[in-house]
Amino acid sequence: MDCIFCKIANKEIPSTIVYEDEDIIAFNDVNPEAPVHILVIPKKHIASLEAAQPEDAQLLGKILLTIQHIAREQGIAADGYRVVNNCGELGGQTVHHMHFHLLGGREMLWPAG
Ligand code: DGP
């Protein structure tokens with residue numbers, strides 16, 4: 001499958017990995033929008049949040065708790081951080097392997113553009 005995030009998960013494309021376990025990998029975004037900008041993805045190819053299935057419920061929960069863990073490790077948990085999932089065309093998703101952006105280290109604006 002020609003998926004850039006699968007290739008990152010398989011180490012076929014280099015990235016700066018900040019966390020990895022048997023289900024999840026997290027790496028620095030190539031175009032950071034904040035001092036901390038990490039992408040957290042399942043190793044399993046799921047095209048988008050919309051494509052997730054009921055059997056992915058445990059994995060989705062694990063991803064959120066992993067984001068919490070990474071935020072603490074990165075030293076941004078106390079001040080606060082933002083978690084973003086862009087889903088589908090109008091959601092602004094450009095890479096079609098479900099991923100969660102973890103952003104921190106600066107004040108975030110709201111509403112999102
Ligand atoms: P989204 O718009 O939510 O689909 O965000 C995709 C993000 O992926 C975007 O912030 C840039 C990042 N990205 C795209 N290609 C690569 C890559 O090859 N390596 C890394 N580290 N990040 C990438």
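Structure: above.
Not measured: the values here are computed from a predicted model. (Residues numbered from 1 in each chain as written. Predicted model: local features only at pLDDT ≥ 70, side-chain atom pairs only at ≥ 80, totals over all residues. Heavy atoms only, no water.)

A. Focus on the nonpolar core. Counting 17 residues, the largest nonpolar core has I38, V40, I63, I70 and L102 as its most contacted members. Mapped onto this core, the elements with two or more residues apiece are β2 (24-28), β3 (36-42), α2 (57-73) and β5 (100-104). Ranked by residues supplied to this core, first place goes to α2 with 5 residues. Counting 10 residues, the second largest nonpolar core, distinct from the first, contains C6, I25, L39 and I41. (Core = buried A, V, L, I, M, F, W, Y, C linked by side-chain atoms within 4.5 Å. Buried < 20%, exposed > 50% of the residue type's maximum accessible area, 1.4 Å probe, protein only. Helix = DSSP H or I, 4+ residues; strand = E, 2+ residues; numbered from the N terminus.)

B. Quick peek at the site of the ligand. Residues in contact with the ligand amount to 15 residues; listed here are only the nearest, D29, N86, T94, H99 and H101. At a separation of 2.9 Å, a nitrogen atom of the ligand approaches a polar backbone atom of N28. V95 places a main-chain nitrogen or oxygen 3.0 Å from an oxygen atom of the ligand. Relative to its free-state accessible area of 510 Å², the ligand is covered by the protein chains to the extent of 82%. When residues of the shell around the ligand are traced back to their parent elements, those giving at least two are α1 (4-9) and β2. Among the elements that make up the shell around the ligand, the one with the highest residue count is α1 (3 residues). Grouping the amino acids of the shell around the ligand by side-chain chemistry returns 7 nonpolar, 7 polar and 1 charged. (Near = heavy atom within 4 Å. Polar contact = N/O pair within 3.5 Å; in protein donor to acceptor, adjacent residues only side chain to side chain. Areas by Shrake-Rupley, 256 points an atom, 1.4 Å probe, with all protein chains shown as cover. Nonpolar A, V, L, I, M, F, W, Y, C, P; charged D, E, K, R; others polar.)

C. Expanded view of the side chain of H99. As for its position among the elements, H99 is in the loop between α3 (88-91) and β5. Among the residues examined, H99 registers a relative accessible area of 4% and is labelled buried. Separated by 2.7 Å, the side chain of H99 and the backbone oxygen of H97 make a polar contact. Once residues lying within four places of it in the same chain are set aside, the contact partners of H99 are F5, L39, V40, I41, V84, N85 and Q93. (Contact = heavy atoms within 4.5 Å.)

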